[in-house]
Amino acid sequence: SYYPAYINRGYAYLTLEKYKEALVDYNKALEFGDIPAAYAGRADTYYGMGEYNKAIDDYKKATTLNPSDAHSYCFLSLSNFEAQKYQDSIDAAQMSQQIDPTCGRQRLIETQARSFFALGNNDQALVYINKALAMGDYSLGHYYRGIIYQAAGKNQEAIQDLELFLSLIQGSESGQAEITDAKARLVKLKQ
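Scoring rules and cut-offs
- Numbers given for residues are sequential positions, taken from 1 along each chain in its written order.
- Where totals are concerned, whole chains, interfaces and linings use all residues; where local detail is concerned, this predicted model gives features only for residues with pLDDT of at least 70, and gives and counts side-chain atom pairs only at 80 or more.
- Side-chain descriptors were evaluated using all non-hydrogen atoms of the structure, hydrogens and water having been removed beforehand.
- Secondary structure follows DSSP: runs of H or I at least 4 residues long count as helices, runs of E at least 2 residues long count as strands, and numbering of each begins at the N terminus.
- Whether a residue is buried, partly exposed or exposed follows from its accessible area with a 1.4 Å probe, protein chains only, as a fraction of its type maximum: under 20%, in between, or over 50%, in that order.
- Any two residues whose heavy atoms approach within 4.5 Å are treated as being in contact.
- Each accessible area is a Shrake-Rupley estimate made with a 1.4 Å probe; only the visible protein chains count as cover when residues are assessed.
- An expected span of 1.5 Å times one less than the residue number is assigned to each helix.
- In this description, one arc is meant: the one made by directions from the helix axis to the C-beta atoms.
- Pairs of cysteine sulfur atoms within 2.5 Å are what we label disulfides.
- Each polar contact in these results corresponds to two N or O atoms within 3.5 Å; when the atoms are within protein, one needs to be able to donate a hydrogen and the other to accept it, and residues that are neighboring in sequence are counted only if both atoms are side-chain atoms.
- Definition of nonpolar core: a set of buried residues of the types Ala, Val, Leu, Ile, Met, Phe, Trp, Tyr and Cys, connected through side-chain atoms within 4.5 Å.

### So, the overall build of the chain
Part 1 of the argument: If you tally the helices and strands in the chain, you get 11 helices and 0 strands.
Part 2 of the argument: Taken from N to C terminus, the helices and strands of the chain fall in the order α-α-α-α-α-α-α-α-α-α-α.
Part 3 of the argument: Projected onto the principal axes, the alpha-carbon positions of the chain cover approximately 65 × 35 × 25 Å.
Part 4 of the argument: With 191 residues in all, the chain has 44% of them scored as buried.
Part 5 of the argument: Long-range pairs, those at least 24 residues apart, make up 45% of the contacts in the chain with a sequence separation of at least 6.
Part 6 of the argument: On the chain, roughly 10000 Å² of surface is accessible, and the fraction owed to carbon and sulfur atoms is 49%.

Structure representation (structure tokens):
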């Protein structure tokens, strides 16, 4: 059968961010039957397109057909986060990490921290954002930890992290919304 060729070409298109072409190939592969790699590839394509609910549906199919697919659980977590399904995001992340603790690395751990924060569980959010920062220092990590500290009523720690975030991100093109938010939070925290 020819489905591996469609999956491989779909993956090539996906890496080039040619999403329409990738979808055509993954759909062709799925004409041969329920193929976990085709569902996972199509889900990755939907994720790249920002169509998170379609990605969630395909990642669920991929993990049902192949329960040891850490990648699909990892991106199921990221997709659920984007769709504001925070508990589902945490659950999928934990499945991914049981299969392969390295899958998703810092990004997946940060996603868990942000999911716990969105659910109002600041203690768990701090545990996970500290794990993410322990894997390597990065500016947005300090922003997220700062807002978690602020929500937890730990204002001195919040001030330190938000100031550190602003010093680390200077001159960066990205993070404009976070920079504006951090500055506003610092004004309030220092009153």
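After presenting the structure, the write-up continues.
### Brief notes about the side chain of asparagine 80
Part 1 of the argument: Its place among the elements puts asparagine 80 in helix α5 (residues 70-82).
Part 2 of the argument: Taking the relative accessible area as the measure of exposure, asparagine 80 reaches 2% and is therefore buried.
Part 3 of the argument: When neighbours within four sequence positions are excluded, asparagine 80 is seen to be in contact with Ile56, Lys85, Asp88 and Ser89.

### Regarding helix α11 (residues 176-189)
Part 1 of the argument: For α11, built from 14 residues, the straight-helix expectation of 20 Å at 1.5 Å per residue is met to within 8% by its first-to-last C-alpha distance of 20 Å.
Part 2 of the argument: Buried residues of α11: Ile179, Ala182, Leu186 and Leu189, and no others. Buried positions in α11, seen along its axis, are confined to an arc of 95 degrees and lie on one side of it. Summarising the geometry of α11, the exposed residues directed more than 90 degrees from the buried face are Ala177, Thr180, Val187 and Lys188.
Part 3 of the argument: Contact partners of the buried residues in α11: α9 (139-151) and α10 (155-168).

### Comments concerning the state of the cysteines
Part 1 of the argument: One pass over the structure, following the stated rule, counts 0 disulfides.
Part 2 of the argument: For the unlinked cysteine cysteine 74, the closest cysteine sulfur is that of cysteine 103, found at 4.0 Å.

### Looking at the side chain of serine 89
Part 1 of the argument: Along the chain, serine 89 falls in helix α6 (residues 86-99).
Part 2 of the argument: With relative accessibility at 0%, the residue serine 89 sits in the buried group.
Part 3 of the argument: Reaching out from serine 89, the side chain makes a polar contact with the side chain of serine 115 at a distance of 3.3 Å.
Part 4 of the argument: Those residues in contact with serine 89 that lie beyond four places of it in its chain are Ser77, Asn80, Phe81, Thr111 and Ser115.

### Re the nonpolar core
Part 1 of the argument: Ranked by size, the top nonpolar core spans 26 residues in total, and within it Ile129, Tyr143, Leu162, Phe165, Leu166 and Ala182 carry the most contacts.
Part 2 of the argument: Contact partners of tyrosine 143, with chain neighbours within four places excluded, come to Leu162, Phe165, Glu178, Asp181, Ala182 and Arg185.
Part 3 of the argument: By size, the runner-up hydrophobic cluster in this structure holds 17 residues, among which are Leu23, Ile56, Leu76 and Ala92.

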